[in-house]
Amino acid sequence: MFPWPATSAAGRLMAMSRLSPSQYLGGLYRRNLVDDHVWDESDAADRAREIVGALFDEPPTLRVVLCGWRVASAFEVRASNYWEPVVMDCRQTAVVIPHPSGKNRVYNNPSARDQTGLWMRWATLGEDLP
């Protein structure tokens, strides 16, 4: 998820969080669960299992941001609401944010953009829980 163009999902995340390109690119380990524009639930779940397996080797202080409910489902993260921290089986704390797609109407609400920005800063810069 590269932040260019600015209208891309990553570009929107970077803008919401007020991160510089170097903070965004250097502070996040980014992975897509599908290689296509078409969501494949099985492929996404397989990729999520690979990522979770690797996360067992990472420190529990690593912070994970999952973009959208389908991604959370692929990771088997059971959060009730957006922006609710959940400890994953691999010990890291994760938060589910609304997917930053330009089609997601949740972001029409400025407080939703602010909340996502705070969680992105939490994950990238190690800021306190929002």
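None of these values were measured; they are calculated from a predicted model.

J.: I'm lost on the sheet that holds strand β2 (residues 86–87) in this one. Help?
T.: Within a sheet, adjacent strands bond to each other through the backbone by hydrogen bonds, running parallel or antiparallel. Across the sheet, which stays open at both edges, the three strands sit in the order β1-β3-β2 with mixed pairing between neighbours. One side of each edge strand has no neighbouring strand; the edge strands of this open sheet are β1 (63–67) and β2. Here five bridges tie β1 to strand β3 (residues 93–97), and the two strands are oriented parallel to one another. Along β3, the bridge assignment pairs valine 65 with valine 95.

J.: Looking at this structure, how should I read the pattern of salt bridges?
T.: When the charged atoms of two side chains with opposite charge come close together, those side chains can pair. Taken as a whole and judged by the stated rule, the model has three salt bridges. With its nearest N and O atoms 3.0 Å apart, the salt bridge here joins glutamate 127 to arginine 121. Glutamate 127 gets classed as partly exposed once you look at its relative accessible area, which sits at 30%. Note on arginine 121: relative accessible area 17%, which makes it buried.

J.: Sorry, what's going on with the nonpolar core here?
T.: Nonpolar side chains in soluble globular proteins tend to end up buried together. Counting 20 residues, the largest nonpolar core has Leu33, Leu66, Phe75, Val77 and Met88 as the members making the most contacts within it. For this core, the secondary structure elements donating two or more residues are α3 (41–55), β1, α4 (69–74) and β3. Tallying contributions element by element places α3 first for this core, with five residues. Apart from residues lying up to four places away in sequence, leucine 66 is in contact with Val71, Ala72, Phe75, Val77, Ala94, Val95, Val96 and Ile97. Judged by nonpolar contacts, the second largest core, of 17 residues, contains Cys67, Val95, Ala112 and Met120.

J.: Help me out: how do you make sense of the environment of alanine 112 in this one?
T.: Residue position: alanine 112 is located in helix α5 (residues 110–125). Separated by 98 residues in the primary sequence, alanine 112 and methionine 14 have C-alpha atoms spaced 14 Å apart. Contacts of alanine 112, omitting those with residues within four sequence positions, involve Trp83, Val106 and Tyr107.

J.: Explanation requested: a negative patch on the surface in the structure shown.
T.: Among the surface-exposed residues, Asp36, Asp40, Glu41 and Asp43 lie close enough to one another that they form a single negatively charged patch. The topology assignment puts aspartate 40 in the loop between α2 (21–27) and α3.

J.: Honestly, the layout of surface pockets in this entry has me stumped. Any pointers?
T.: A probe matching the size of a water molecule, rolled over the atoms, marks out where space remains unfilled. By volume, the second largest pocket is sized at about 210 Å³. As for the second largest pocket, its lining consists of 13 residues, and the residues nearest its centre are Val52, Phe75, Glu76, Val77 and Asp89. If you list the elements that add at least two residues to the lining of the second largest pocket, you get α3 and β2. Counting residues per element, the lining of the second largest pocket draws most heavily on α3, at three residues. Of the residues belonging to the lining of the second largest pocket, the class tally is 10 nonpolar, no polar and three charged.

Scoring rules and cut-offs
- Residues numbered from 1 in each chain as written.
- Predicted model: local features only at pLDDT ≥ 70, side-chain atom pairs only at ≥ 80, totals over all residues.
- Heavy atoms only, no water.
- Pairing = 2+ DSSP bridges.
- Helix = DSSP H or I, 4+ residues; strand = E, 2+ residues; numbered from the N terminus.
- Salt bridge = Lys/Arg side-chain N within 4 Å of Asp/Glu carboxyl O.
- Buried < 20%, exposed > 50% of the residue type's maximum accessible area, 1.4 Å probe, protein only.
- Core = buried A, V, L, I, M, F, W, Y, C linked by side-chain atoms within 4.5 Å.
- Contact = heavy atoms within 4.5 Å.
- Patch = residues over 30% accessible without salt bridge, like charges linked within 9 Å, V, L, I, M, F, W, Y side chains within 5 Å.
- Areas by Shrake-Rupley, 256 points an atom, 1.4 Å probe, with all protein chains shown as cover.
- Lys, Arg positive; Asp, Glu negative; His and termini not counted.
- Charge placed at Lys NZ, Arg CZ, Asp CG, Glu CD.
- 1 Å grid on protein atoms, 1.4 Å probe; cavity = no way out; pocket = protein on both sides within 12 Å on 5 of 7 lines; lining within 4 Å.
- Points joined across faces, edges and corners; volume = space filled by probe spheres on them.
- Nonpolar A, V, L, I, M, F, W, Y, C, P; charged D, E, K, R; others polar.

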